[in-house]
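# Summary of the model geometry
Given next are the chains, with one letter for each unit.
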Amino acid sequence: MRPFLSHPFDDDKLKEECGVFGVIGVSDAANFVALGMHALQHRGQEAGGIVSYDPEQGFNSARRFGYVRDNFTDPDTMATLPGALAIGHVRYSTAGSKGATAIRDVQPFFGEFAMGGAAIAHNGNLTNASALRRELIERGSIFQSSSDSECIIHLMARSIQKNIPERMKDALRRVEGAFSVVAMTRTKLIGVRDPLGVRPLVIGRIGDGWALSSETCGLDIIGAEFVREVEPGEMVVIDERGIESFHPFERRAARFCIFEHVYFSRPDSILGGRSVYETRRQIGVELAKEAPVEADLVCPVPDSGTPAAIGFSQESGIPYAMGIIRNQYMGRTFIEPTEQIRNMGVRLKLNVNRALIKGKRVILVDDSVVRGTTSRKIKDMILDAGAAEVHFRIASPPTAWPCFYGVDTPERAKLLAANMSEDEMREWIGVDSLRFISLDGLYRAVGEAGGRDAKAPRYCDACFSGDYPVAPSDKIEQGFEMKAAQ
């Protein structure tokens, strides 16, 4: 079982690919975009970029590694991005050179077409990008990045349509997988979601202008009013006249990513008309019903386990307590310098509240178990602090399948739940009990009173069920085996 022991702490959490944001009709739009990107920083910390348009200076762009706060708060940088129209992107690599990103991989991407320039920022993952890339290169396209998103620009360039929105429709009809796209021309802000609506995208109103954001928390930070979500399979084109709506794809039953509710989205965001915080609290309520245990304290694994731990405590009547304290000021790079520092792993980020824990039977609530390495280390810390018992309750079903729609998931061989039963996982982690919420329980928590409809699931839950709504053709070509039909 060595694959589960060879990765540092940061690799034991699922990572979103990115967040997208755009604004039109406000002066100094890039400043608003930077604020929106800051609110979406949880969706990608590796790099960020902004493209703006000004009638006098044309298109301008800035792409940087690291946090938004370190790169897009400098007045000199922001002065290079004038105009009333801008889009931005925060990145965590999935496709592309994972962990060794080149600046050319950082979005938004820009293309100059016969009818003018356009920039595009993409959240998600294209499952046929390898095949498209081969085809485009054979036809003469020259790629600048390793990102699957660049395929969209090249497909647009090859379209014979007369304007950029129509070219984008052409391009997106060729791609498979998950995409929420924010794009811009000289006069228009464009937002598109794939036909299944796997990744989120929302519309906001700010004064006389408009905003597009991966999440509603991005609208909140700039004082924009939430208008509605971009519908699955919808393209919105926004200019000085307002919003036009198009549906360029064949209509399909939506399959929004259920893990957005569990972990990825910020708890203060609204998804599908539901508060993310309330959904996570309700997950804890369902967990307490499904997997009760006698204990003295319910403690979250900060920060993602907190709402579920509150719900578990409220339903069970067991007191909620901050048994683990998170160090809010540890930058991502602090863990890099030496092997000795790296091996400290969890202790650099989390510390046990010893006075509270000693002698207690503790329920730890976390959002997920991926490789299980972090769970083992946290368990050791709790026991070292003198806990009498440690019980894990997990606010998602076992993650047994990789995601191909925009989430950085280890290959299946390295997912703990793909290789062990729940009881084997409990024994391997070394806790007194380990229980995951059931898939039906998760569906109840997101408002599906009858649980999951196996014939027509409302959400994409492939990472739990192996039921992929879009066949990952590139991965199948590389040898990935889909779950056998039942």
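Not measured: the values here are computed from a predicted model.

On to the pairing of strand β13 (residues 235-239), then. The element β13 is largely enclosed, with a buried count of 5 among its 5 residues. Alternating residues of β13 divide into M235, V237 and D239 and V236 and I238, and every residue in both groups is buried. Two strands pair when backbone bridges link them, and β13 and strand β14 (residues 242-246) are joined in this way by 5 bridges, in the antiparallel orientation. Each bridged residue has a counterpart across the sheet, and for D239 the counterpart in β14 is G242. The turn linking β13 back onto β14 is made up of 2 residues.

Let us look at the nonpolar core. Judged by nonpolar contacts, the single largest core of 72 residues is most densely connected at L364, I382, F392 and Y405. Dropping the residues within four chain positions of it, Y405 is found in contact with G124, N125, T127, G177, A178, V198, R199, C460, Y468, P469 and V470. Listed in part, the 27 residues of the second largest apolar core include F113, M156, V175 and M235.

Cis geometry marks the peptide bond from Q107 to P108; its omega dihedral reads 5 degrees. For P108, the location among the structural elements is in the loop between β5 (85-91) and β6 (109-113). A cis amide bond links P302 with the next residue in sequence, D303, at an omega value of -10 degrees. With respect to the helices and strands, the residue D303 is situated in the loop between β18 (297-300) and α10 (306-316). A positive phi angle is found at D28, which is not glycine, with a value near 55 degrees. The topology assignment puts D28 in the loop between β2 (18-24) and α1 (29-39).

The sheet built from 6 strands is open, its strands ordered β6-β7-β8-β9-β13-β14 with antiparallel pairing. A single partner strand is all that each edge strand has here, and the edge strands are β6 and β14. Ignoring strand direction, the axes of neighbouring strands in this sheet form an average angle of 20 degrees. The strands that helix α5 (residues 150-158) touches are β6, β7 (116-126) and β8 (177-184); relative to β6, the one it contacts most, it runs at about 5 degrees.

Moving on, we get to the sheet that holds strand β4 (residues 58-65). Strands sit in the order β4-β3-β5-β2-β11-β10-β12 across an open sheet of 7 strands; the sheet is antiparallel. A strand with exactly one partner marks an edge of an open sheet, and here the two such strands are β4 and β12 (225-229). The sheet shows a mean angle of 15 degrees between the axes of neighbouring strands, taken without regard to direction. Sheet strands touched by α1: β2, β3 (47-54), β5 and β10 (202-206). Its angle to β5, the strand with the most contacts, is close to 25 degrees.

Right, let's get into the packing of aromatic side chains. Across all of its chains, the model carries 14 aromatic pairs by this definition. Taking 4.8 Å as the distance between ring centres and 55 degrees as the angle between the ring planes, the aromatic pair formed by F59 and F110 counts as tilted. Here F59, found in strand β4, pairs with F110, found in strand β6; they are 51 residues apart in sequence, far enough to count as distant. A centroid spacing of 6.2 Å and a plane angle of 85 degrees characterise the contact between F259 and Y263, whose relative ring orientation is edge-to-face. Placement of the pair is F259 and Y263 together in helix α8 (residues 259-264), with a separation of 4 residues, close to one helical turn. Given the relative accessible area of 2%, F259 is considered buried. Sitting above the plane of the F143 ring, R133 keeps its charged end 4.2 Å from the centroid.

Looking now at the confidence of the model for the chain. With 91% of its residues at a pLDDT of at least 70, the chain reaches an overall mean of 91. Residue range residues 1-10 is modelled with pLDDT below 50. Its contacts to residues more than four positions away, or to other chains, number 27 contacts. Throughout residues 332-337 the model reports pLDDT below 50, and contacts reaching past four residues in sequence, or to other chains, amount to 10 contacts.

The next subject is a nonpolar patch on the surface. Taken together, the side chains of Y320, M322 and I325 present a nonpolar region at the surface, about 250 Å² in accessible area. Considering the arrangement of structural elements, one finds M322 in the loop between α10 and β19 (324-326).

Quick look at helix α13 (residues 373-384) now. Over its 12 residues, α13 runs 17 Å from end to end, which matches the ideal 16 Å to within 8%, given 1.5 Å per residue. Turning to α13, its buried residues are T373, T374, S375, I378, K379, M381 and I382. Those residues of α13 hidden inside the fold are in contact with β19, β20 (350-352), α12 (354-357), β21 (361-366), β22 (389-394) and α15 (422-429). Following α13 by one or two positions, G386 adopts a phi angle in the positive range, close to 100 degrees.

Scanning the entire structure with this criterion turns up 0 disulfides. Distance from the sulfur of C217, which forms no disulfide, to the nearest cysteine sulfur (C18) is 14 Å. Overall, C217 belongs to the buried group, its relative accessible area being 1%. Not part of a disulfide, C463 finds its nearest cysteine sulfur in C257, a span of 6.5 Å.

This paragraph deals with the packing of α5 against helix α6 (residues 164-174). Think of two packed helices as two axes; the pair is described by the angle between the axes and how far apart they sit. Contact geometry for α5 and α6: axes closest at 8 Å, N-to-C directions at 120 degrees. Put simply, α5 runs oblique to α6. As α5 runs across α6, the sense of the crossing is right-handed. Along its contact with α5, which presents I152, L155, M156 and A157, the element α6 presents I164, R167, M168, A171, L172 and R174. Of the residues that constitute the contact of α5 with α6, the class distribution is 8 nonpolar, no polar and 2 charged.

Quick look at the environment of P195 now. Residue position: P195 is located in the loop between β9 (189-193) and β10. Residues P195 and V362 lie 167 residues apart in sequence; the distance between their C-alpha atoms is 44 Å. In this structure P195 touches F179, P232, G233, F249, E250 and R252, once residues within four positions along its chain are discounted.

Basis of the calculations
Position numbers for residues count from 1 along each chain, tracking the sequence in the order it is written. Predicted model: local features are reported for residues with pLDDT of at least 70 only, side-chain atom pairs are reported and counted for 80 or more only, and whole-chain, interface and lining totals are derived from all residues. Excluded from the side-chain calculation are hydrogens and water; included are all heavy atoms of the structure. A 1.4 Å probe rolled over the protein chains alone gives each residue an accessible area, and that area as a share of the maximum for its type sets the label: buried under 20%, exposed over 50%, partly exposed in between. The helix and strand labels rest on DSSP assignments: H or I over at least four residues marks a helix, E over at least two residues marks a strand, and numbering proceeds from the N terminus. At least two bridges found by DSSP between two strands is the condition for calling them paired. Take the buried Ala, Val, Leu, Ile, Met, Phe, Trp, Tyr and Cys residues and link them wherever side-chain atoms come within 4.5 Å; each set so joined is a nonpolar core. Contacts: residue pairs with any heavy atoms within 4.5 Å of one another. Note on geometry: axes are lines fitted to C-alpha atoms, helical ones only across the stretch in contact, with angles between N-to-C directions running from 0 to 180 degrees. Pairing of aromatic side chains requires ring centres within 6.5 Å, counting the rings of Phe and Tyr and the six-membered ring of Trp. Pairs whose planes differ by under 30 degrees are stacked, by over 60 edge-to-face, and all others tilted. Here, a charge over a ring is recorded when the distance from Lys NZ or Arg CZ to the ring centre is within 6 Å and its angle to the ring normal is within 35 degrees. On a scale of 0 to 100, pLDDT captures the predictor's confidence in every residue. Any residue with relative accessible area above 30% and no salt bridge may belong to a patch, with like charges joined within 9 Å and the nonpolar Val, Leu, Ile, Met, Phe, Trp and Tyr side chains within 5 Å. Surface accessibility follows the Shrake-Rupley procedure with a 1.4 Å probe radius. Residue values consider only the protein chains on display as shielding. Throughout this description, the term salt bridge denotes a Lys or Arg side-chain nitrogen within 4 Å of a carboxyl oxygen of Asp or Glu. Expected span, for any helix, means 1.5 Å times one less than how many residues it has. Pairs of cysteine sulfur atoms within 2.5 Å are what we label disulfides. Roughly parallel means an angle under 35 degrees; roughly antiparallel, over 145; roughly perpendicular, 65 to 115; everything else is oblique. Left-handed describes a crossing in which the near helix is turned anticlockwise from the far one by less than a right angle; the clockwise case is right-handed. Each residue is assigned to one of three groups, with Ala, Val, Leu, Ile, Met, Phe, Trp, Tyr, Cys and Pro labelled nonpolar, Asp, Glu, Lys and Arg labelled charged, and all others, Gly among them, labelled polar.

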